[in-house]
Amino acid sequence: MKRRDFLKNTTTGIVIPSVFGSMGLKALSSSPLVSALMGSVETDNVLVLINLSGGNDGLNTVIPLNYLSELNKVRPHVILPDDSLLPLNNSEVALHPAMTGFRDLYNEGRLQIIQNVGYPDQDFSHFRSTDIWLSGADADQVLNTGWAGRYAENEYPNYPADYPNETVPDPLALEIGYSSSLLFQGSVTPMGMVIQDPDDFYELIEEVDSPAPGTNAGEQLEYIRLIKRQSNAYGTVLKNTSEKGTNAVEYDEDNTLAQMLKIVARLISGGLKTRLYLIEHGGFDTHDSQVDGSDHTQGEHATLLAQLSDAVHTFMRDLDALGISDRVSGATISEFGRRIISNASLGTDHGAAAPLFLFGNHVSGGVVGDNPEIPDDAMYDDNLEWKVDFRAVYASLFSQWFCVPQDDISQIFLNNFDPISIIKTDQCKMTSTREDTQRAGKELLSVFPNRSFDLVSAEFESDGDIVFLSLKDVAGRNIKQLTRHKYAKGRHNIRFDISDLAAGVYYIHFQQKNLRQAKPVIRL
Amino acid sequence: MNKSIKLKAQEDRKVFFEKFMPDYKRFDHEANKIVAPFKVRATVNAGLEPYAGPWGDQQIAHLLKRTLVGLTKEELNTAKSMTREQLVELLLTPTQKPDPPVNDYNNPDEGIEDPEIPFGQPWITGTNNIESDVQGQRVVSLKAWWLKNLITPSMSIHEKMIFFWHNHLAIEFWGVFSGTWLYEYLDKMRTHALGNFKSLMRAITIDRAMLIYLNGFLNNKFAPDENFARELQELFCIGKNADPHYTEGDVQMAAKILTGWTINYDDPQMGRVFFPPWHDESDKQFSSFYGNRLIRGRSGPGAGDAELDELLDMIFDHQETALFICRKLYRFFVYTDIDPTTEIEVIEPLAQIMRDNNYEITPVLRSLFNSAHFFDQANYGVAIKSPMDFLLGLWRTLDLKIPESYGLTENFAVNVSTYYIMGGLGIELGDPPNVAGFPAWYQLPSYDRLWITTSTIAPRGLHTDSMVYWGLWNMIEPITMDVLAFAKKMDNPEDPNALIDEILLLVHGIPLTEVQKQNLKNALLTGQADSYWTEAWNAYINDPNDEMKRSNIENRLKWTLQLILQQAECQLT
């Protein structure tokens with residue numbers, strides 16, 4: 001076995017034989033919820049995010065053709081031969097030779113490249129910069145929610161109380177893999193679900209209803225119980241949807257990204273109404289061996305880009321054949337690009353701005369933005385400057401693809417960013433209406449007005465026990481404790497003053513036993 | 001309200017928050033920011049003063065669960081005869097070094113044969129320049145060996161500390177891909193796990209596996225590679241808490257100091273060498289963060305050692321280093337969330353102990369595990385079990401056994417299988433996702449909640465169901481626990497209430513409510529009175545070969561254990 005085969009054999013790739021005996025496999029419940037789902041085939045628009053984690057080398061991915069001689073000079077260790085590049089029509093850029101799939105999508109007008117995406121005051125730590133990209137924070141700001149989590153919270157404000165329900169029977173967001181990322185984190189709970197394989201679902205025994213202690217351990221317990229309930233509730237839905245769905249083309253068995261996109265395609269074709277998907281495609285931290293010494297068109301980076309390009313190309317062809325490609329758009333994420341100059345280890349070190357990819361039938365296509373400037377005397381410390389804030393890209397996607405109103409966009413991204421034209425006009429058609437999704441679930445808390453200079457009123461529903469109501473800022477920091485008393489069963493109202501707060505977005509948090517809900521309020 | 005009254009009210013409120021809501025000004029040390037609690041723990045005011053409260057089952061179990069990989073009934077019994085100080089000393093005693101891993105992977109049927117090392121012989125003396133398939137086998141063999149060490153009975157924190165250091169000074173085994181070098185790396189972890197942090201850092205800085213993993217072996221004066229130099233400061237010693245922060249310049253200077261340490265590929269043993277022609281001999285100027293320290297450039301064969309010593313002296317002279325590692329220890333062994341009170345009452349004094357003892361590790365652990373803070377009620381059951389604590393911990397607690405008849409090949413196969421299963425739950429032994437280690441020990445705000453997702457909670461339940469009913473999967477034959485032997489180990493198995501309580505103490509993090517206990521008793525008694533169980537148990541003990549009497553007990557125990565192990569409380573420790 002060679003190294004690559006071994007790598008493939010590590011546990012992410014290994015299939016542990018199923019041990020579902022007669023004991024293990026339970027009959028799937030045929031709840032009204034599941035049958036309601038089986039009736040629908042239409043889904044809302046879908047956004048698939050692919051995280052190129054590690055920091056993708058933009059200059060070897062989208063090559064600025066007007067700087068070839070400079071590039072040959074400053075990055076000799078990784079430079080791609082000029083004649084190997086894949087030039088793109090009507091542009092001054094070429095793609096890495098491994099990216100034929102992306103080239104084809106570009107020619108079909110289904111791939112868009114945005115140049116120089118980044119943010120002010122680039123942080124060079126993987127971990128911090130990843131948090132910045134996934135939370136949508138400024139470089140000097142810490143947020144403990146993700147921008148997609150805040151979007152989901154804005155769209156489904158009552159989640160997770162009484163979810164799933166008939167209006168929203170499916171997970172709000174899906175991450176394929178093992179662990180959840182900051183991207184889908186909401187202010188009270190993760191808004192997404194993590195799955196490895198929807199077909200491999202094991203139903204857990206329901207626990208007796210008994211309140212968790214009001215301690216920190218009790219909080220952990222509530223979290224675990226929530227995930228158990230979600231696993232059961234959504235696991236059933238996903239398994240049914242996956243069985244109903246199908247794929248129309250073959251996906252490369254050795255391409256793990258392709259295998260994950262295959263699951264996404266099958267779920268969408270099965271009618272899953274989930275709008276957000278996140279898939280990890282890791283390994284881009286190419287400090288060394290980015291290219292093979294003897295042939296720069298080969299190497300780790302070439303393999304990763306080929307997997308990306310092939311997988312997305314296959315995915316789009318599958319969606320075409322299934323007749324659902326009009327409903328899917330995709331975008332890449334990567335915590336940073338890499339240095340302008342290369343290093344002697346045939347690699348590149350942590351950098352700053354980089355190109356970002358968007359794909360789908362309705363993206364505007366082409367290359368947006370000028371090529372980055374490559375000085376022929378670039379020094380080790382020199383980095384590509386950002387021209388487009390990454391938050392502007394995702395904010396534009398939400399407004400142009402998910403029809404999110406502009407006021408809500410500012411609230412989700414905690415700032416105003418100049419929109420970029422990404423989606424062709426009038427493509428944000430949704431089958432489910434915002435009115436319905438905003439009402440779905442159980443409203444435990446409502447806040448009025450939700451934009452105010454001073455007075456705000458919070459109405460909440462008590463079951464007779466102690467209610468904790470607090471005001472927190474976007475970092476989750478407790479600003480005010482609004483109440484901590486027993487309230488008789490029924491609806492109650494508390495008024496309070498926010499005039500002493502700085503302008504910005506805040507959240508009112510409601511908690512009673514294991515029920516939690518948060519609603520935003522904006523201090524104008 | 002007139003303006004001055006309003007201002008006064010605001011001032012009062014500020015005072016109020018600072019006084020009564022300590023989390024208002026919460027500081028996250030990894031993130032270098034005031035941030036918010038995802039989960040706010042009630043403030044624990046107890047500090048490092050020796051714990052003086054009751055000393056009973058609950059306290060002993062808490063200490064053992066946090067320091068060992070799971071705990072067994074036998075270990076609990078042993079601990080009960082000891083004082084707290086005696087028990088802590090026992091736990092801090094290093095274990096005997098296990099025999100090195102041997103060739104247990106030769107498999108003629110599959111065409112696998114190590115050309116150098118015969119079957120059954122240690123392979124760590126093997127060379128590195130043989131075809132890669134054998135290296136792959138050795139890496140797997142090393143992982144299986146490590147897994148076996150983790151489940152080998154011992155009442156020492158040693159194995160857990162080795163894992164702690166691996167998670168802290170992380171490398172990826174598949175990336176390094178040399179059995180011998182990886183064994184060396186792990187062996188250094190073992191040698192220094194309960195020794196000295198600074199000595200460990202020095203050993204690992206020029207460890208062959210680390211030189212490969214973070215490109216140190218390519219770091220030379222012509223094209224410095226700052227990968228290791230960055231992580232040395234960001235992830236290993238300083239963190240990003242201090243303000244002002246170390247600078248990008250400090251990263252580059254440290255990289256220059258480390259130029260020249262490489263692997264000698266001309267030597268058949270591929271030893272680690274210091275190669276003077278690659279060393280940057282210029283003076284290295286550090287920022288004000290390090291007191292504007294200038295490390296003089298040197299030349300010749302001793303330059304590497306001399307400059308490395310000075311670099312580590314500079315880093316370990318900085319206040320932040322002891323604070324940083326003490327926070328990491330605290331997060332690993334106590335609780336992920338460090339509030340200002342904990343920072344002042346626990347972290348700062350621990351860091352002082354560490355500095356006073358020249359970075360010796362055991363004085364810090366001794367103080368922590370004897371402290372009133374560690375035994376505060378708020379810390380019981382507040383951590384979520386890592387896949388290691390969950391899978392291997394339950395393996396030990398439930399006493400799963402590899403059949404004694406199994407030879408080397410079969411033992412290897414079973415341990416590899418368990419390693420696969422643990423990988424599926426989120427810890428592939430030896431292969432964290434990246435150099436920062438496993439995210440549950442650093443990723444804000446979720447921390448250990450990252451272990452529990454919709455993708456891992458059902459498999460956790462599947463695996464415990466498997467242990468109880470049809471056997472935990474492996475490549476030979478599934479291994480099932482012996483529920484009868486397990487119940488017999490309890491002090492009062494004939495008493496259904498005592499039996500359930502004793503089992504819960506071993507596997508659950510926090511006590512159950514009466515409603516929940518009643519639910520378990522319903523499973524055990526199937527609606528009968530307590531005396532029914534006592535009679536049935538005694539009947540079985542008096543006539544163990546009677547199939548009916550045995551299965552009567554066994555079935556009820558299995559139903560009950562399945563429920564216990566699937567409960568959310570079983571995820572806490």
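Residues numbered from 1 in each chain as written. Chains lettered and ligands numbered in written order. Predicted model: local features only at pLDDT ≥ 70, side-chain atom pairs only at ≥ 80, totals over all residues.

Enquirer: Give me the lowdown on the overall build of chain B, citing residues and values where you can.
Expert: Helix and strand content of chain B: 24 helices and six strands. Its C-alpha atoms give chain B a radius of gyration of 27 Å, near enough to 25 Å, the size a compact globule of 573 residues would have. For the C-alpha atoms alone, the extent of chain B along its principal axes is close to 90 × 85 × 40 Å. Looking at chain B as a whole, 51% of its 573 residues qualify as buried. Relative to all contacts within chain B whose residues are 6 or more apart in sequence, the contacts with residues 24 or more apart total 71%. (Helix = DSSP H or I, 4+ residues; strand = E, 2+ residues; numbered from the N terminus. Rg over C-alpha atoms; globule rule 2.2 N^0.38 Å. Buried ≥ 20, exposed ≤ 12 C-beta atoms within 10 Å, placed from the backbone. Contact = placed C-beta atoms within 7 Å.)

Enquirer: Help me get a handle on the sheet that holds strand S20 (residues 515-523) of chain A, residues and values and all.
Expert: Residue and element names in this part refer to chain A. Across the sheet, five strands lie side by side as S14-S20-S19-S16-S17; this open sheet has mixed pairing. Both edges of this open sheet fall to strand S14 (451-452) and strand S17 (478-486), since each of them pairs with a single strand only. Examined bridge by bridge, S14 and S20 share two bridges and lie parallel to one another. When the sheet's bridge partners are listed, Arg451 is paired in S20 with Ile522. (Pairing = 2+ DSSP bridges.)

Enquirer: Kindly report on the pairing of strand S9 (residues 328-333) of chain A, identifying the contributing residues and their values.
Expert: Residue and element names in this part refer to chain A. Counting buried positions over the six residues of S9 gives six, a clear majority of the element. Residues Val328, Gly330 and Thr332 point to one face of S9 and Ser329, Ala331 and Ile333 to the other, with burial holding for every one of them. Of the strand pairs in this sheet, strand S1 (residues 46-51) and S9 are connected by six bridges, and their pairing is parallel. Bridge pairing links Val48 to Gly330 in S9. Note that S9 and strand S10 (residues 354-360) share three bridges and pair antiparallel. Along S10, the bridge assignment pairs Gly330 with Phe359.

Enquirer: Would you mind going over the pairing of S17 of chain A in detail, with residue names and values included?
Expert: Every regular strand shows the same layout, with side chains that alternate between the two sheet faces. Where strand S16 (residues 466-473) of chain A and S17 of chain A come together, seven bridges link them in antiparallel fashion. Residue pairing in the sheet places Lys472 of chain A in a bridge with Asn478 of chain A of S17 of chain A.

Enquirer: Describe the domain arrangement of chain B, listing the residues and the values that go with them.
Expert: Residue and element names in this part refer to chain B. Domain assignment breaks chain B into domain 1 (3-34), domain 2 (37-213 + 318-479) and domain 3 (483-571). Each of domain 2 and domain 3 has a C-alpha centre, and these two points are 31 Å apart. Taken residue by residue, the interface counts 18 residues in domain 2 and 16 residues in domain 3. Elements with a minimum of two residues in the side of domain 2 that touches domain 3: helix H2 (57-67), helix H17 (387-397) and helix H19 (457-468). For the side of domain 2 that touches domain 3, a count of residues per class yields nine nonpolar, four polar and five charged. (Domains from an automatic or database assignment. Nonpolar A, V, L, I, M, F, W, Y, C, P; charged D, E, K, R; others polar.)

Enquirer: Could you give an account of the domain arrangement of chain A, with specific residues and numbers?
Expert: All names here are of chain A. We note that the domain assignment places domain 1 (45-200 + 275-309 + 330-436) and domain 2 (443-523) within chain A. Between the C-alpha centres of domain 1 and domain 2 the distance comes to 35 Å. Taken residue by residue, the interface counts 11 residues in domain 1 and 15 residues in domain 2. A class-by-class count of the residues in the side of domain 1 that touches domain 2 yields six nonpolar, five polar and no charged.

Enquirer: Got a sec to walk through unusual backbone geometry? Specific residues and values, please.
Expert: Trans is the prevailing form of peptide bonds, just as negative phi is the prevailing case for residues other than glycine. Here the amide bond leading from Tyr163 of chain A into Pro164 of chain A is cis, since omega sits at -5°, within 30 degrees of zero. For Pro164 of chain A, the position within the fold is in the loop between helix H6 (147-155) and strand S6 (173-176). Cis geometry marks the peptide bond from Leu444 of chain B to Pro445 of chain B; its omega dihedral reads 0°. Notably, Asp162 of chain A is not glycine yet its phi reads approximately 60°, a positive angle.

Enquirer: Describe the confidence of the model for chain A, listing the residues and the values that go with them.
Expert: If pLDDT is low for a region, its predicted coordinates should not be looked at in detail. Per-residue confidence for chain A gives a mean pLDDT of 87, with 91% of residues at or over 70. In this model residues 1-40 of chain A is a low-confidence stretch, pLDDT under 50, and it forms 62 contacts with partners more than four residues away in sequence or in other chains. (pLDDT = per-residue confidence, 0-100.)

Enquirer: Quick one: what's the story with helix H9 (residues 197-205) of chain B, residue by residue and with numbers?
Expert: Restricting attention to buried positions, one finds in H9 of chain B the residues Phe197, Leu200, Met201, Ala203, Ile204 and Thr205 of chain B. Looking at the packing, one finds that the buried side of H9 of chain B touches helix H6 (158-168), helix H8 (179-192), helix H10 (208-213), helix H11 (227-237), helix H13 (303-317) and helix H14 (319-333) of chain B.

Enquirer: How would you explain the environment of Leu183 of chain A if you had to name every residue and give the values?
Expert: In this fold, Leu183 of chain A is placed in the loop between S6 and strand S7 (192-195). Sequence separation of Leu183 of chain A and Phe359 of chain A is 176 residues, and the distance between their C-alpha atoms is 20 Å.

Enquirer: Requested: an account of the nonpolar core, with residues and values cited.
Expert: Burial of nonpolar side chains together is a common tendency in soluble globular proteins. By size, the foremost hydrophobic cluster in this structure holds 289 residues, and its most contacted members are Val393 and Phe398 of chain A together with Leu182 and Cys326 of chain B. Ignoring any residue separated from it by four or fewer positions in sequence, one finds Val393 of chain A in contact with Ile114, Val117, Leu356, Val388 and Ile420 of chain A. (Core = buried A, V, L, I, M, F, W, Y, C linked by C-beta atoms within 7 Å.)

Enquirer: Give a description of the packing of H14 of chain B against helix H15 (residues 340-356) of chain B that names residues and reports values.
Expert: Residue and element names in this part refer to chain B. Relative to each other, H14 and H15 sit at 120°, their axes nearing to 8 Å. In terms of their interaxial angle, H14 and H15 are classed as oblique. Here H14 runs over H15; the crossing is right-handed. Within the contact between the two elements, H14 uses Ala322, Leu323, Cys326, Arg327 and Tyr330 and H15 uses Val346, Ile347, Leu350, Ala351, Met354 and Arg355. (Axes fitted to C-alpha atoms, helices over the stretch in contact; angles between N-to-C directions. Parallel < 35°, antiparallel > 145°, perpendicular 65-115°, else oblique. Left-handed = near helix turned anticlockwise from the far one by under 90°.)

Enquirer: Residue-level account of the packing of H2 of chain B against helix H3 (residues 73-80) of chain B, with values.
Expert: Residue and element names in this part refer to chain B. Closest axis-to-axis distance for the H2/H3 pair is 10 Å, and the angle between their directions is 125°. Judged by the inter-axis angle, H2 sits oblique to H3. Seen along the crossing, H2 lies across H3 with a hand that is right-handed. On H3, the residues touching Ile60, Ala61 and Leu64 of H2 are Glu75, Leu76, Ala79 and Lys80.

Enquirer: Describe in detail helix H22 (residues 514-525) of chain B, supporting the description with residues and values.
Expert: Residues and elements named next belong to chain B. Over its 12 residues, H22 runs 16 Å from end to end, which matches the ideal 16 Å to within 8%, given 1.5 Å per residue. Along H22, the positions that sit buried rather than exposed are Gln516, Leu520 and Leu524. Burial along H22 is one-sided: seen end-on, the buried residues are contained in an arc of 85°. Seen from the open side of H22, the exposed residues pointing more than 90 degrees away from its buried face are Glu514, Val515 and Gln518. Looking one or two residues past H22, Thr526 carries a phi angle of roughly 40°, positive in sign. (Expected span 1.5 Å × (residues − 1). Arc of directions from axis to C-beta.)

Enquirer: Tell me about the sheet that holds strand S13 (residues 445-448) of chain A, residues and numbers included.
Expert: All names here are of chain A. Read across the open sheet, the three strands follow the order S13-S15-S18; overall the sheet is antiparallel. Looking at the sheet topology across the chains shown, the edges are occupied by S13 and strand S18 (490-497). Ignoring strand direction, the axes of neighbouring strands in this sheet form an average angle of 20°. Both S13 and strand S15 (residues 455-462) contribute to a ladder of four bridges, which runs antiparallel. Bridge pairing in S15 links Leu445 to Phe460.

Enquirer: Which residues make up the environment of Arg391 of chain A, and what are the values?
Expert: On the secondary structure map, Arg391 of chain A appears in helix H10 (residues 390-402). Excluding residues within four positions of it along the chain, Arg391 of chain A makes contact with Gly136, Phe413 and Phe417 of chain A.

Enquirer: Lay out the environment of Ala265 of chain A in plain terms, naming residues and giving numbers.
Expert: Residues and elements named next belong to chain A. Here Ala265 lies in helix H8 (residues 256-269). A count of 27 C-beta atoms within 10 Å places Ala265 in the buried class. A sequence separation of 181 residues divides Ala265 from Ser446, and the C-alpha atoms of the two residues are 37 Å apart. Ala265 has contacts with Asn247, Phe315, Asp318, Leu319 and Leu322, leaving out every residue within four places of it along the chain.

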